[in-house]
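Residue-level structural notes
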Amino acid sequence: MKKIIIIGGGIAGLAAAYRIQREISSGTPLECSLLEGGDQFGGKIATERSEGFVIERGPDSFISQKPAAIQLCKQLGIEGHLVGTNPETPSTYVYTGGKLVSMPDGLSLMIPTKFLPFALTPLFSWAGKIRMAFDLVIPKKVDESDESLASFIRRRMGEEALRKMAEPMLAGIYASDPETMSIGSTFPMFVETERKYRSLIIGMLARKKAMLLNANKRPANNYTLFMTLKEGLGEMVEAIIKKSPDIQFQSGARVESISGKEGDWCVKLEGGGENKADALILATPGHITARLLQPVAPNAAEILKQIKYVSTATVTLAYKREGFSHALDGFGFVVPKCEGRSILACTWTSSKFPHRAPQGYVMLRCYLGGALQEDIAEKDEQTLATLVMQDLKKIMGIKEEPVFCKVFHNRKSNVQYHVNHSEHIDSIMKDLERFPGLFLAGSAYRGIGIPDCIQNGNQSAELATQFLAGKSSAEI
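Residues numbered from 1 in each chain as written. Predicted model: local features only at pLDDT ≥ 70, side-chain atom pairs only at ≥ 80, totals over all residues. Heavy atoms only, no water.

Glancing now at the sheet that holds strand β1 (residues 2-7). In space, the five strands of this open sheet follow the order β12-β2-β1-β16-β22, with parallel pairing throughout. Of all strands in the sheet, those with a lone pairing partner are β12 (247-250) and β22 (438-440), marking the two edges. With direction set aside, neighbouring strand axes in the sheet form an average angle of 15°. Relative to strand β16 (residues 279-282), β1 is paired through four bridges, and the arrangement is parallel. The residue of β16 that forms the bridge with I6 is I281. (Pairing = 2+ DSSP bridges. Helix = DSSP H or I, 4+ residues; strand = E, 2+ residues; numbered from the N terminus. Axes fitted to C-alpha atoms, helices over the stretch in contact; angles between N-to-C directions.)

What follows is the structure in structure tokens.
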């Protein structure tokens, strides 16, 4: 019987394992082991549940427009646990000029699609608004080379749009420096819109119209843009393991090295022991994958070493609702770097996802670090807690003592897609064609979001099973 070994128990590796489980359940004779070096499965997905609070260490939701995560929840039988954002408090704020300013209605990924709210918003100066409106007449880029997010936004919308919106919102999603992050690998929709419509504003209006027409044709669903699970994203991890009885999940299994060639792979573990496999899926962070590939595929390993990771931290605080000094009338706020605060953003969790906090309490989650302020994320827990409470007092006027304050470090865990990232990944995949039976999955390649990683994991599992099916046929 053919065997697949998956190295790495983040969501990409787990998705690959579950996809293989479905193959086994349908009658395909396969064995599969998943080796995770840490104590827990899920990678950056980690949920704590305590006295009615649902606290996320890593991501707290996923985007519904990419279908892989919702499809996985359906396959796992936990679709009924999906919950969307609170429709009663949809506002998001930007901290600018020492106060919280609501983003204007009709702002689609920072592109204005409604004239009056945009004209009246105090978020941008009149000079900034006029510069953003120039997008309607500026010619499109003539070549198809990649560029940075900062270059793209400056060219289309101007400096103020970059500093007040693109940097805290778009670059903030990736914890990246907008001057180095690839627009083509992070927001390809913007690039495609410019190519097709020339103007981002015209393109977004056309896209909005098309979405409304399609919505009338499609059956209604209750999915908001961001979705989560009632008991936290850890539910997804737990369900995969529970629904994969034929997969051998091993935690604390640190891989020392891999060796071999087509159909004859050997995985050596730290402390002794080795496993044989007919196919390997490496679903580890880029720097670990590079180390494992070095003796096998040195060219791919050298390119992988160039992919950078940065540190972030989250601080979650809970307060008694009675007498709390802020209305929390929205999803939260982002903070441009020019404001000089430690916090990058703050989610008002109990307003965005009311089920995350018990009745009588409110909960906030703050984000720190990233490419522009990585030194902050490396500070100790007490310092981070103090910095956050100082910022919340300044920005929101919060003076109350929290019921609890939980600090989580995510050291070197956020991958950075620099300019020409896609070309580098193409080179890696091309090089690995020389090593049949060896496949890669994870956030280092074609997308960092949960749906991207699930899709990537599914694809790697399908390629591995197809490879083994072809190999079996050839042997017969």
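Moving on, we come to the sheet that holds strand β14 (residues 264-269). In spatial order, the strands read β13-β14-β15; together these three strands make up an open sheet with antiparallel pairing. The strands lining the two open edges of the sheet, one partner per strand, are β13 (255-261) and β15 (274-277). Geometrically, the sheet is characterised by an average inter-axis angle of 15° between neighbouring strands, direction not taken into account. Looking at chain direction, β13 and β14 are connected through six bridges and run antiparallel. The residue of β14 that forms the bridge with K261 is D264.

Attention shifts here to the environment of S125. For S125, the location among the structural elements is in the loop between α3 (115-120) and α4 (126-133). For the pair S125 and S33, spaced 92 residues apart in sequence, the C-alpha to C-alpha distance is 57 Å. Excluding residues that lie within four positions of it along the chain, S125 makes contacts with E160 and K164. Polar side-chain contacts of S125 include one of 2.7 Å to the side chain of E160. (Contact = heavy atoms within 4.5 Å. Polar contact = N/O pair within 3.5 Å; in protein donor to acceptor, adjacent residues only side chain to side chain.)

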